[in-house]
Amino acid sequence: LATKPDVDAEVLAAILNSAIASLFIEVSARANLGDGAIKFETEDARELLAINPPALTKRDAFAITSTFAKIAARDVERWSSEMKQKDRMTFDQAVLSALGFKSKSVLQKIYSGVDEMINERLSLAEQRKAKAKSRLERDTGKILSEVIGEILHDGARNFPDAFWPQGFNERKPNAFKEVNVTGKRLRLG
């Protein structure tokens, strides 16, 4: 992580992994990439960062980095599970405390809001996929109907019965005709 000389990269990395940063990302990221993916670039982070790391007290910076170290040492889970982890809650509360929010109810509201926005973004992607698939199925059915209408004016007929000459009886002796197509004898029937 490249930072300005007065910015502690460890503190900044921790803050960018906080719930408050997740909230900012969900609110401002571009969500038109398909499959529910979002795009959040460096310029976006510069504009939306709520905490200025150099402005933190040493105590707040230590609280943020030390609680984040526990999360960084493990695999991060999906958001719906991650926000229930004790070390995650302790870390995010340290970040909010540095902002002046001491109440744990603020943290729960942030978790709820981020969770709702993630679920909405992902469900919209699924709805778009289902709609596109439905449209494709309708279009395929329409094309099939049009082709059948153009080629089979009288509709589809059962094979082989509809293709026998009128009055044909396949049980009659000599009902079938032999046709030579390869120089060898071929019997149809």
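Residues numbered from 1 in each chain as written. Predicted model: local features only at pLDDT ≥ 70, side-chain atom pairs only at ≥ 80, totals over all residues. Heavy atoms only, no water.

(A) Layout of the overall build of the protein chain. Per the secondary structure count, the protein chain includes 7 helices and 0 strands. Along the protein chain, helices (α) and strands (β) appear in the sequence α-α-α-α-α-α-α when read from the amino end. Relative to its full complement of 189 residues, the protein chain shows a buried share of 23%. When contacts within the protein chain are restricted to residue pairs at least 6 apart in sequence, those whose partners lie at least 24 apart make up 53%. Surface summary for the protein chain: the accessible area is close to 14100 Å², and the carbon and sulfur share equals 54%. (Helix = DSSP H or I, 4+ residues; strand = E, 2+ residues; numbered from the N terminus. Buried < 20%, exposed > 50% of the residue type's maximum accessible area, 1.4 Å probe, protein only. Contact = heavy atoms within 4.5 Å. Areas by Shrake-Rupley, 256 points an atom, 1.4 Å probe, with all protein chains shown as cover.)

(B) Region of interest: the confidence of the model for the protein chain. In the predicted model, the protein chain carries a mean pLDDT of 80, and 82% of its residues have values of at least 70. When pLDDT is averaged over each helix and strand of the protein chain, the minimum, 70, is found for helix H3 (residues 42-48) and the maximum, 95, for helix H4 (residues 58-72). (pLDDT = per-residue confidence, 0-100.)

(C) Representation of a nonpolar patch on the surface. Taken together, the side chains of Ile143, Leu144, Val147, Ile148, Ile151 and Leu152 make up a nonpolar region of the molecular surface, amounting to roughly 530 Å² of accessible area. Assignment of secondary structure puts Ile143 in helix H7 (residues 104-151). (Patch = residues over 30% accessible without salt bridge, like charges linked within 9 Å, V, L, I, M, F, W, Y side chains within 5 Å. Salt bridge = Lys/Arg side-chain N within 4 Å of Asp/Glu carboxyl O.)

(D) Structural context of helix H1 (residues 9-16). Burial in H1 covers these residues: Val11, Leu12, Ala14 and Ile15. For H1, the angular spread of the buried residues around the axis is 160 degrees, confining them to a single face. Close packing links the buried residues of H1 with helix H2 (19-28), H4 and helix H6 (86-99). You can read the cap of H1 off the contacts: a side-chain oxygen lies 2.9 Å from the backbone nitrogen of Glu10, and it is on Asp8. (Arc of directions from axis to C-beta. Polar contact = N/O pair within 3.5 Å; in protein donor to acceptor, adjacent residues only side chain to side chain.)

(E) Here's a closer look at the nonpolar core. Judged by nonpolar contacts, the single largest core of 21 residues is most densely connected at Leu56, Ile64, Trp79, Phe91, Ile110 and Tyr111. Contributing elements (two or more residues each) for this core: H1, H2, H4, H6 and H7. Examining the composition of this core, we find that 5 residues originate from one element, H7, more than from any other. Those residues in contact with Trp79 that lie beyond four places of it in its chain are Ala19, Ser22, Tyr111, Val114, Asp115 and Ile118. (Core = buried A, V, L, I, M, F, W, Y, C linked by side-chain atoms within 4.5 Å.)

(F) Representation of the packing of aromatic side chains in the model. Enumeration according to the criterion identifies 2 aromatic pairs in this entry. Taken together, a centroid distance of 5.2 Å and an interplanar angle of 45 degrees make the contact between Phe68 and Phe91 tilted. Pair noted here: Phe68 is in helix H4 and Phe91 is in helix H6, with a separation of 23 residues, a long-range link. Each member of the pair Phe68 and Phe91 is classed as buried. Plain terms: the ring middles of Trp79 and Tyr111 are 5.6 Å apart, the flat faces sit at 80 degrees to each other, and that makes the pair edge-to-face. Residue Trp79 is located in helix H5 (residues 79-82), and its partner Tyr111 is located in helix H7; the two are separated by 32 residues in the primary sequence. (Phe/Tyr/Trp six-rings, centres within 6.5 Å; stacked < 30°, edge-to-face > 60°.)

(G) Examining the packing of H4 against H6 more closely. Two elements in contact, H4 and H6, have axes separated by 9 Å at closest approach and are oriented at 160 degrees. When the axis of H4 is compared with that of H6, the two are roughly antiparallel. Crossing of H4 against H6: the hand is left-handed. Contact residues: Asp60, Ala63, Ile64, Thr67, Phe68, Lys70 and Ile71 in H4; Asp87, Arg88, Thr90, Phe91, Ala94, Val95 and Ala98 in H6. (Axes fitted to C-alpha atoms, helices over the stretch in contact; angles between N-to-C directions. Parallel < 35°, antiparallel > 145°, perpendicular 65-115°, else oblique. Left-handed = near helix turned anticlockwise from the far one by under 90°.)

(H) Here's a closer look at the pattern of salt bridges. One pass over the structure, following the stated rule, counts 5 salt bridges. Here Arg88 and Glu82 are joined by a salt bridge, their closest N and O atoms 3.2 Å apart. For Glu82, a relative accessible area of 1% translates into the label buried. Linked through salt bridges whose partners overlap, the residues forming this network are Arg74, Glu82, Asp87, Arg88 and Asp92.

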